[in-house]
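Now for the letters of each chain:
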Protein chains: 2
Amino acid sequence: MLADPYDAILLDLDGVLYRWPEPIEGAAEAVRALRDASKRIAFVTNNASRTPAQVAERLASVGVDAKPEEIVTSALATATLLAERGVGSAFVVGEEGLLEALGDAGIRVVDASADEVDVVVVGFDRGADYTKLKDASVLVERGVSLVASNADASFPAPGGESWPGAGALLAAIETTTGARGEVVGKPEPPLFERALASAGGGRPLVVGDRLD
Amino acid sequence: MLADPYDAILLDLDGVLYRWPEPIEGAAEAVRALRDASKRIAFVTNNASRTPAQVAERLASVGVDAKPEEIVTSALATATLLAERGVGSAFVVGEEGLLEALGDAGIRVVDASADEVDVVVVGFDRGADYTKLKDASVLVERGVSLVASNADASFPAPGGESWPGAGALLAAIETTTGARGEVVGKPEPPLFERALASAGGGRPLVVGDRLD
């Protein structure tokens, strides 16, 4: 099989395993074949709003068998990266997946008014409002570093609409402050590095549907 | 005086007539001297959130005598431009000054769910939230044109903080959609053209504190 020379397979979700909410033909069988060939697998997603358990449920609903511990979201990669740097507290523009990943990594999620805020983290957030964008911007102006779980410009919403993605919220903060955020998700290296560490192995194959 | 060769004086506000909330020394006297010399005057501001009456009050509080009809905001210039184009309805990300100017120009401010939306107008809006940015983006994706009263990246808030300006909200919509908004305010021509039309005269002098 194509994957023969590789021991770790990093699988993109959207466009590879499903085109939500439709399965992609042959995808479930391909994952089973990889398992039968004893490949190490990681499921990789820029989406920072869902937890690994929620992503595993979503994959199950399109027939793909995945364990939560095989799923590496940009939220998890962000939390791991920040914990490795000794970050203790974060002001977050983000949803449950990002909040939970940061909490699990031992990072306190704090208000903008907290005495100490080590980092501003931006992800996809349908609860974002002017006050949140303003608080994030003011912290960044004060010198707090800006990290984005991903910079996807848009979020493919049900019905074919494109909604503002993490990258659109990041753009508002970057425009206000003139600062540039550090991006963890695809196509930047940190998410892939984290996925490879999670899967194990030394010769990874990344399966995606587009370069970003 | 410096203004001798000019018959219309277009005066910027922030940085020229005040550095809010402080007056700028000599500004009030300079405006009186221009009036004594029978110059036509327009007070020009990118700020789209205040009505001309509110701007006149603000000027009075720093000692500058201004009539509401001498004040040309980017909101007024936007409304005039759109009315001249025959625009009938607008979905608006904006505050009172923009809503009132559009209404006064005969443009209906509608919800995103309206049967017909001719244009998406973006200004400074402390009430902006994810849903508003999403609705604006979805309309623009459908082909509705995108116009910004101004593209100021940040808004100088009390206490020296910079808050997200109209340009930051515009950046979120532009990032989501890939579209580029048409900007009415400084440094683009439409606001200056509208101010000159309002003041009258043919040899304008623009007094500002920076090129944008």
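Just so you know, these numbers come straight off a predicted model, no measurement behind them. (Residues numbered from 1 in each chain as written. Chains lettered and ligands numbered in written order. Predicted model: local features only at pLDDT ≥ 70, side-chain atom pairs only at ≥ 80, totals over all residues. Heavy atoms only, no water.)

### Focus on the domain arrangement of chain A
Residues and elements named next belong to chain A.
1) Next: As assigned here, chain A comprises domain 1 (8-74 + 188-207) and domain 2 (85-183).
2) Next: The C-alpha-based centres of domain 1 and domain 2 are spaced at 24 Å.
3) Next: Contact with domain 1, which involves eleven residues of that partner, is made by 13 residues of domain 2.
4) Next: Taking both partners together, domain 1 and domain 2 bury about 890 Å²; carbon and sulfur atoms supply 51% of that area.
5) Next: On inspection of domain 1 and its partner domain 2, the count reaches zero salt bridges.
6) Next: Applying the counting criterion to the domain 1 and domain 2 interface returns six residue pairs in polar contact (both at pLDDT 80 or more). (Domains from an automatic or database assignment. Contact = heavy atoms within 4.5 Å. Buried area = accessible area lost by both parts, 1.4 Å probe. Salt bridge = Lys/Arg side-chain N within 4 Å of Asp/Glu carboxyl O. Polar contact = N/O pair within 3.5 Å; in protein donor to acceptor, adjacent residues only side chain to side chain.)

### Comments concerning the relation of the copies chain A and chain B
1) Next: Once chain A has been moved 0.0 Å along the axis and rotated by 180 degrees, it coincides with chain B to within an RMSD of 0.0 Å. Here the symmetry operator amounts to a two-fold rotation axis. No C-alpha of chain A approaches the rotation axis more nearly than that of D129 of chain A, which lies at 2.0 Å. (Least-squares fit on C-alpha atoms with pLDDT ≥ 70 in both.)

### So, the interface of chain A and chain B
1) Next: With 26 residues of chain A in contact, the opposing surface of chain B contributes 25 residues.
2) Next: Here chain A packs against chain B, burying approximately 2000 Å² in sum over the two surfaces, 66% of which is carbon and sulfur.
3) Next: Per-residue buried area on chain A facing chain B is highest for Y130, P164 and T176 of chain A; these three make up 32% of the total on that side.
4) Next: Counting across the interface, chain A meets chain B through two salt bridges.
5) Next: Listed by contribution, the elements that provide at least two residues to the side of chain A that touches chain B are α5 (130-141), β11 (162-164) and α6 (166-177) of chain A.
6) Next: When residues of the side of chain A that touches chain B are assigned to their parent elements, the largest contribution, seven residues, is made by α6 of chain A.
7) Next: Looking at the side of chain A that touches chain B, its residues break down into twelve nonpolar, seven polar and seven charged. (Helix = DSSP H or I, 4+ residues; strand = E, 2+ residues; numbered from the N terminus. Nonpolar A, V, L, I, M, F, W, Y, C, P; charged D, E, K, R; others polar.)

### Notes on unusual backbone geometry
1) Next: In this model, W20 of chain B is joined to P21 of chain B through a cis peptide bond whose omega is 0 degrees.
2) Next: Tracing the backbone through its elements, the reader meets P21 of chain B in the loop between β2 (18-19) and β3 (22-23).
3) Next: Between K186 of chain B and P187 of chain B the backbone carries a cis peptide bond, its omega angle lying at 0 degrees.
4) Next: One can find P187 of chain B in the loop between β12 (182-183) and α7 (189-199).
5) Next: Phi at S38 of chain A is positive, roughly 60 degrees, even though this residue is not glycine.
6) Next: Considering the arrangement of structural elements, one finds S38 of chain A in the loop between α1 (27-36) and β4 (40-45).

### Quick word on the pairing of strand β6 (residues 89-93) of chain A
Residues and elements named next belong to chain A.
1) Next: For β6, the tally of buried residues reaches five of five residues, placing the bulk of the element in the interior.
2) Next: Side chains S89, F91 and V93 project from β6 onto one buried face, and the interleaved A90 and V92 project onto a second face that is buried too.
3) Next: In terms of strand pairing, β6 meets strand β7 (residues 108-109) through two bridges, oriented parallel. Bridge assignment links A90 to a residue of β7, and that residue is V109.
4) Next: Note on the crossover from β6 through helix α4 (residues 96-104) to β7: the handedness is right-handed.
5) Next: Bridging between β6 and strand β8 (residues 119-122) involves four bridges; their strand directions are parallel. (Buried < 20%, exposed > 50% of the residue type's maximum accessible area, 1.4 Å probe, protein only. Pairing = 2+ DSSP bridges. Right-handed = clockwise from strand over helix to strand, strands pointing away.)

### Notes on the side chain of T78 of chain A
Residue and element names in this part refer to chain A.
1) Next: If you trace the backbone, T78 turns up in helix α3 (residues 74-84).
2) Next: Classification of T78 by relative accessible area gives buried; the value is 0%.
3) Next: In terms of polar contacts, T78 uses its side chain to reach the backbone carbonyl oxygen of S74, at 2.6 Å.
4) Next: The residues touching T78, leaving out its near neighbours within four places in the chain, are V121, V147, A148, S149 and V184.

### Observations regarding the pattern of salt bridges
1) Next: One pass over the structure, following the stated rule, counts 22 salt bridges over all chains.
2) Next: The salt bridge partner of D125 of chain B is K132 of chain B, with a shortest N-O separation of 2.6 Å.
3) Next: Taken together, the salt bridges that share partners define one network made up of R35, D65, K67 and E70 of chain A.

### Some points on the side chain of E174 of chain B
Residues and elements named next belong to chain B.
1) Next: Inspection of the secondary structure assignment puts E174 in helix α6 (residues 166-177).
2) Next: Its relative accessible area of 12% is what places E174 among the buried residues.
3) Next: With sequence-adjacent residues up to four places away left out, E174 is seen in contact with L146, A179, R180 and G181.

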